[in-house]
Amino acid sequence: MRIVGLTGGIGSGKSTVSNLFKAHGIPVVDADVIARDVLKKGTGGWKKVVAAFGEDILLPDGEVDRPKLGRIVFSDPQKRQILNRFLAPYISSGILLEVLKLWMKGCKIIVLDVPLLFEAKMDRWTNPIVVVWVDPKTQLHRLMARDGTTEEDSKSRINSQMSLDLKRTKADILIDNTGSLADLNENFQKLFHGETGPCQVHN
Ligand code: ATP
């Protein structure tokens, strides 16, 4: 089975590219979905987060208040590191489980959509590695437009990640998403035309 790694920077267009793969019948394992699951009330990840950040981080129904946790870790690199360290093993095993399920279904090609592919060292599982890149100005504007965030907040979120230019150097396949959605679609067709999986998966 071929495991394509899909990564990029925040707001660079990974989800948009991931939707193109899905539209071509190629299953996508989405690390963000798994990262949400590993924080669900009562799970091992939830217990670790409550132990480290206290019950103040919980909503009245006992679920983690994600926006609150996000604000805490985005403003404090040390806390961000603690959270990443706690959750990384749960996320990796969740991803591996999904990959295994797809392998058992007979999929010949799947995509791992992992924003922190390099940081989490999951790039060693994937070949080729696809990096979705945009120029910094476009990235900032798209992020602000999508999330309704200020320039300052968006910049600090961008700067909290490994630089997109460094990720670009690690790409086997670089998708430049600075142009329009039509350009992206065209680029995608050129790169992945005819790549469909034989397995039937509804993403
Ligand atoms: P995150 O890391 O935050 O999940 P992402 O890399 O998945 O972000 P997307 O959500 O796919 O990024 O794209 C960011 C925003 O830019 C979205 O609002 C999306 O619709 C828009 N967008 C993506 N590609 C283009 C494009 N080529 N032209 C215009 N808008 C685009």
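Residues numbered from 1 in each chain as written. Predicted model: local features only at pLDDT ≥ 70, side-chain atom pairs only at ≥ 80, totals over all residues. Heavy atoms only, no water.

Caption draft 1: The environment of Val49, seen in detail. Following the sequence through the fold, Val49 ends up in helix H3 (residues 44-53). Between the alpha carbons of Val49 and Gly8 there is a distance of 26 Å; along the sequence they are 41 residues apart. Ignoring sequence-local partners within four residues, the contact set of Val49 consists of Leu39, Gly54, Ile57, Leu69, Leu83 and Leu87. (Helix = DSSP H or I, 4+ residues; strand = E, 2+ residues; numbered from the N terminus. Contact = heavy atoms within 4.5 Å.)

Caption draft 2: A look at helix H6 (residues 136-147). Compared with the 16 Å implied by 1.5 Å per residue over twelve residues, the 16 Å span of H6 between its first and last C-alpha is a close match. Of all the positions in H6, only Thr138, Gln139, Leu140 and Leu143 are classed as buried. Packing partners of the buried residues in H6 comprise helix H7 (151-159) and helix H8 (164-169). The residue sitting at the N-terminus of H6 and contributing the capping side-chain oxygen is Asp135; that oxygen lies 3.0 Å from the backbone nitrogen of Lys137. Gly148, located one to two residues past H6, shows a positive phi value of around 65°. (Expected span 1.5 Å × (residues − 1). Buried < 20%, exposed > 50% of the residue type's maximum accessible area, 1.4 Å probe, protein only. Polar contact = N/O pair within 3.5 Å; in protein donor to acceptor, adjacent residues only side chain to side chain.)

Caption draft 3: Molecular detail of the pattern of salt bridges. Counted under the stated rule, the structure contains eight salt bridges. In this structure, the salt-bridge partner of Lys167 is Glu119, at a minimum N-O distance of 3.4 Å. Of this pair, Lys167 sits in helix H8 while Glu119 sits in the loop between strand S3 (109-113) and strand S4 (129-133), placing them 48 residues apart in sequence. Given the relative accessible area of 30%, Glu119 is considered partly exposed. A single salt-bridge network, built from bridges that share partners, covers Arg146, Asp147 and Arg157. (Salt bridge = Lys/Arg side-chain N within 4 Å of Asp/Glu carboxyl O.)

Caption draft 4: Highlighting the nonpolar core. Counting residues in each nonpolar core, the largest one holds 34 residues, and the members touching the most others are Val49, Leu69 and Ile95. Among the secondary structure elements, those contributing two or more residues to this core are helix H2 (31-37), H3, helix H4 (66-74), helix H5 (77-104), S3 and S4. Take this core: its biggest share by element is six residues, from H5. No fewer than three residues from each of domain 1 (1-27 + 108-196) and domain 2 (31-106) sit in this core. If you look at the next biggest cluster of nonpolar residues, it comprises 16 residues, including Val17, Val28, Val132 and Leu184. (Core = buried A, V, L, I, M, F, W, Y, C linked by side-chain atoms within 4.5 Å. Domains from an automatic or database assignment.)

Caption draft 5: Quick peek at the packing of aromatic side chains. Counted according to the given criterion, the structure contains three aromatic pairs. Arranged with centres 5.0 Å apart and planes meeting at 40°, the rings of Phe188 and Phe192 form a pair that is tilted. Taken as a pair, Phe188 and Phe192 lie in helix H9 (residues 181-192) at a separation of four residues, close to a single helical turn. For Phe188, a relative accessible area of 2% translates into the label buried. The structure contains a cluster of three or more aromatic residues connected by ring pairs, namely Phe21, Phe188 and Phe192. Cation over ring: Lys170 sits above Phe118, and NZ or CZ is 5.6 Å from the ring centre. (Phe/Tyr/Trp six-rings, centres within 6.5 Å; stacked < 30°, edge-to-face > 60°. Lys NZ or Arg CZ within 6 Å of the ring centre and 35° of its normal.)

On their own, these measurements won't tell you what the molecule is for.
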